[in-house]
Amino acid sequence: MSANSAETTEQLDVVLVKAGRTKIRYPAELVGDDGNHITVRAAWAGEGVRDFGFVRFEPGDAFTEHYWRDRWYAVKEVRAGDGTLKGWYCDITRPALRSGAELVVEDLDLDLWRSADGTDVLRLDEDEFAESGLTERDPEAAGAAMTALDELEVFASVDGGLESLLA
């Protein structure tokens, strides 16, 4: 590519919705969209450091995020500012919707973490999911969410399993 090239990177706003409200909105660089699988890169969008006990997200961390229009989850590869892999954070969500420069994802409270070395695979926020009332309001969506969490846990428990989803 020549120095005079006017290459522009397409930007998207990732909008995470929870319980009908925007939880967070942040800019991301579109890496690819094949019509079903959407990949973006973004910096840690939270304020300051967020320490979960099993991982810390902090300024300088980079997320390569994978969303699908037909799957009930998103998989986010998390790297420290120096490029070291921290692990994968998986959100259970309704299938992603892209409208122009906006990628909207509805968070369904369930999450899964897999450490970089594979020693920790943790199901997260099952209590929040139970309290959300989704099972009563939308049993079909609740069932899809639990199935997605179970599926991700199987992939996360196998070396290279999560990575195989991203190919």
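As the structure is a computational prediction, the values presented were derived from the model and not from experiment.

The rules behind these values
- Residues numbered from 1 in each chain as written.
- Predicted model: local features only at pLDDT ≥ 70, side-chain atom pairs only at ≥ 80, totals over all residues.
- Heavy atoms only, no water.
- Salt bridge = Lys/Arg side-chain N within 4 Å of Asp/Glu carboxyl O.
- Helix = DSSP H or I, 4+ residues; strand = E, 2+ residues; numbered from the N terminus.
- Buried < 20%, exposed > 50% of the residue type's maximum accessible area, 1.4 Å probe, protein only.
- Pairing = 2+ DSSP bridges.
- Phe/Tyr/Trp six-rings, centres within 6.5 Å; stacked < 30°, edge-to-face > 60°.

Caption draft 1: Representation of the pattern of salt bridges within the structure. Going through the model one piece at a time under the given rule, you end up with 20 salt bridges. Of the charged contacts, one joins aspartate 61 and lysine 86 as a salt bridge, the two residues approaching to 2.8 Å between their closest N and O atoms. Linking aspartate 61 in the loop between strand S5 (56-57) and strand S6 (62-68) with lysine 86 in strand S8 (residues 85-93), this pair joins segments that are 25 residues apart in sequence. Residue classification places aspartate 61 among the buried positions, given a relative accessible area of 3%. Counted as one network, the salt bridges with shared partners bring together Asp51, Arg56, Glu58, Asp61 and Lys86.

Caption draft 2: Highlighting the environment of alanine 101. On the secondary structure map, alanine 101 appears in the loop between strand S9 (97-99) and strand S10 (102-115). For alanine 101, a relative accessible area of 46% gives the class partly exposed.

Caption draft 3: Broad picture of the pairing of strand S2 (residues 21-33). Both strand S1 (residues 11-18) and S2 contribute to a ladder of eight bridges, which runs antiparallel. Paired with aspartate 13 across the strands is proline 27, a residue of S2. The antiparallel pairing of S1 with S2 creates a hairpin that spans two residues between the two strands, and alanine 19 there sits at a positive phi of about 55°. Where S2 and strand S3 (residues 37-43) come together, four bridges link them in antiparallel fashion. Looking at S3, one finds that aspartate 33 is bridged to isoleucine 38. Here S2 hands over to S3 after three residues, with glycine 35 in that stretch at a positive phi of 100°.

Caption draft 4: Summary view of the packing of aromatic side chains. By the definition in use, this model includes eleven aromatic pairs. Between phenylalanine 57 and phenylalanine 63 the ring centres are 5.2 Å apart and the planes differ by 80°, which places this aromatic pair in the edge-to-face class. What makes phenylalanine 57 buried here is its relative accessible area of 4%. Clustering of aromatic rings is evident, with ring pairs tying together Trp44, Phe52, Phe54, Phe57, Phe63, Tyr89 and Trp113.

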